[in-house]
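Here is how the chains run, residue by residue.
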Amino acid sequence: MTVRPILIHPDPRLKKKAEPVTDFNDALRVLSEDMLETMYAAPGIGLAAPQIGVMKRILVMDCIKDEDAPKQPMVLINPEITWASDDQNTYEEGCLSIPDQFADVVRPSEVEVTWTNLEGDQQQQKFDGLWATCVQHEIDHLDGKLFIDYIGPLKRQMITRKMQKLKREMARG
Ligand code: K2U
Ligand code: ZN
């Protein structure tokens, strides 16, 4: 298992649409394990493959925030939202690819998602609460969409400039 580096916005790979997964092989299993290890190490409650530079439609989630509770890791391959509630929730979102920046994002409070699991079986589940926010945030990543795409252009530009400065400083080491 390997903790992989997480791409920081702005990065063209974070704006590209990821490709459907077609090979359910051991490499996919290793990728999902690396994604879960990278997510827990961040720490985070979700991670999408494009965030580690892999342009494949796979995401991992574990929105159990209580450290003492048992972990509930989920691996969603080729996920699709098949239903979304009219009722909406506002959540102050962050992103592991846009560190230390937060903004209120309004999303449907409940979604139904279908996906394929690592065994290649079709799954379907309704998510609500933080799980609903997280799965929508991660599926957005698979479509090259970031939470800052939901905020005004001025705040988005300010955040992008902060990240460009951060990357320049990181490059200097
Ligand atoms: O995709 C990511 O960048 C991981 C995101 C997932 C997420 C963002 C907003 C709301 C829910 C999930 C986070 O950075 S994981 C960090 C985190 C931890 C607890 C609550 C919210 C976000
Ligand atoms: Zn994110």
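As a reminder, the structure under discussion sits directly above these lines.
Residues numbered from 1 in each chain as written. Chains lettered and ligands numbered in written order. Predicted model: local features only at pLDDT ≥ 70, side-chain atom pairs only at ≥ 80, totals over all residues. Heavy atoms only, no water.

## Structural notes on the site of ligand 1
For step 1, the next point in the chain: Taken together, 15 residues form the shell around ligand 1, and within it Ile45, Gly46, Gln51, Leu96 and Glu138 come nearest.
For step 2, the next point in the chain: A distance of 3.2 Å separates an oxygen atom of ligand 1 from a polar side-chain atom of histidine 137.
For step 3, the next point in the chain: Separating an oxygen atom of ligand 1 from a side-chain N or O atom of histidine 141 is a distance of 3.4 Å.
For step 4, the next point in the chain: Contact with the protein chains removes 87% of the 480 Å² of surface that ligand 1 exposes when unbound.
For step 5, the next point in the chain: Those elements that place two or more of their residues in the shell around ligand 1 are β4 (88-93) and α2 (129-142).
For step 6, the next point in the chain: Broken down by element, the shell around ligand 1 gets its largest block of residues, six residues, from α2.
For step 7, the next point in the chain: Taken together, the residues of the shell around ligand 1 sort by class into six nonpolar, seven polar and two charged. (Near = heavy atom within 4 Å. Polar contact = N/O pair within 3.5 Å; in protein donor to acceptor, adjacent residues only side chain to side chain. Areas by Shrake-Rupley, 256 points an atom, 1.4 Å probe, with all protein chains shown as cover. Helix = DSSP H or I, 4+ residues; strand = E, 2+ residues; numbered from the N terminus. Nonpolar A, V, L, I, M, F, W, Y, C, P; charged D, E, K, R; others polar.)

## So, the coordination of the zinc ion (ligand 2)
For step 1, the next point in the chain: The coordination sphere of the zinc ion (ligand 2), as far as protein atoms go, consists of Cys95 (SG), His137 (NE2) and His141 (NE2), spread over 2.0 to 2.3 Å.
For step 2, the next point in the chain: Of the residues examined, histidine 137 reaches a relative accessible area of 9% and is grouped as buried.
For step 3, the next point in the chain: On the basis of relative accessible area, histidine 141 is assigned to the buried category, the value being 1%. (Donors = N, O, S within 2.8 Å, 3.2 Å for Na, K, Ca; no water. Buried < 20%, exposed > 50% of the residue type's maximum accessible area, 1.4 Å probe, protein only.)

## Describing the pattern of salt bridges
For step 1, the next point in the chain: Counted under the stated rule, the structure contains nine salt bridges.
For step 2, the next point in the chain: Between lysine 165 and glutamate 169 there is a salt bridge; the shortest N-O distance is 2.9 Å. Of this pair, lysine 165 and glutamate 169 both sit in helix α3 (residues 153-172), four residues apart, which is roughly one turn of the helix.
For step 3, the next point in the chain: A residue is classified by how much of its surface remains accessible, and glutamate 169, at 36% relative accessible area, is partly exposed.
For step 4, the next point in the chain: Linked through salt bridges whose partners overlap, the residues forming this network are Lys17, Arg57 and Asp143. (Salt bridge = Lys/Arg side-chain N within 4 Å of Asp/Glu carboxyl O.)

## Remarks on the nonpolar core
For step 1, the next point in the chain: Among the nonpolar cores identified, the biggest contains 17 residues, and Met61, Met74, Leu76, Val113, Phe127 and Val135 are the most heavily contacted of them.
For step 2, the next point in the chain: Mapped by element, the contributors of at least two residues to this core are β2 (58-61), β3 (74-84), β6 (110-116) and α2.
For step 3, the next point in the chain: Per-element tally for this core: the top contributor is α2, with seven residues.
For step 4, the next point in the chain: The contact partners of methionine 61, leaving out residues within four places of it in the chain, are Met39, Ile45, Gly46, Gln72, Pro73, Met74, Leu76, Phe127, Trp131, Cys134, Val135 and Glu138.
For step 5, the next point in the chain: One finds Leu36, Leu47, Ile52 and Leu118 within the second-largest nonpolar core, a separate group that totals 15 residues. (Core = buried A, V, L, I, M, F, W, Y, C linked by side-chain atoms within 4.5 Å. Contact = heavy atoms within 4.5 Å.)

## Quick look at the layout of surface pockets
For step 1, the next point in the chain: In this structure, the largest pocket encloses a volume near 750 Å³.
For step 2, the next point in the chain: If you go around the largest pocket, you meet 29 residues; those closest to its centre are Pro43, Gly44, Ile45, Gly46 and Leu96.
For step 3, the next point in the chain: Where the lining of the largest pocket is concerned, the elements lending two or more residues are β4 and α2.
For step 4, the next point in the chain: The leading source of residues in the lining of the largest pocket is α2, at five residues.
For step 5, the next point in the chain: Of the residues assigned to the lining of the largest pocket, the class counts are 13 nonpolar, seven polar and nine charged. (1 Å grid on protein atoms, 1.4 Å probe; cavity = no way out; pocket = protein on both sides within 12 Å on 5 of 7 lines; lining within 4 Å. Points joined across faces, edges and corners; volume = space filled by probe spheres on them.)

## Some points on the packing of aromatic side chains
For step 1, the next point in the chain: With the rule as written, the count across this model stands at two aromatic pairs.
For step 2, the next point in the chain: Between phenylalanine 127 and tryptophan 131, the ring centres sit 6.5 Å apart and the planes meet at 25°, which makes this aromatic pair stacked. Side by side, phenylalanine 127 and tryptophan 131 carry an identical accessibility label, which is buried.
For step 3, the next point in the chain: An aromatic cluster of three or more residues is present, and its members are Trp115, Phe127 and Trp131.
For step 4, the next point in the chain: Of note, lysine 71 hangs over the ring of tyrosine 40, and the distance from its end group to the ring centre comes to 4.5 Å.
For step 5, the next point in the chain: Cation over ring: lysine 145 sits above tyrosine 150, and NZ or CZ is 4.8 Å from the ring centre. (Phe/Tyr/Trp six-rings, centres within 6.5 Å; stacked < 30°, edge-to-face > 60°. Lys NZ or Arg CZ within 6 Å of the ring centre and 35° of its normal.)

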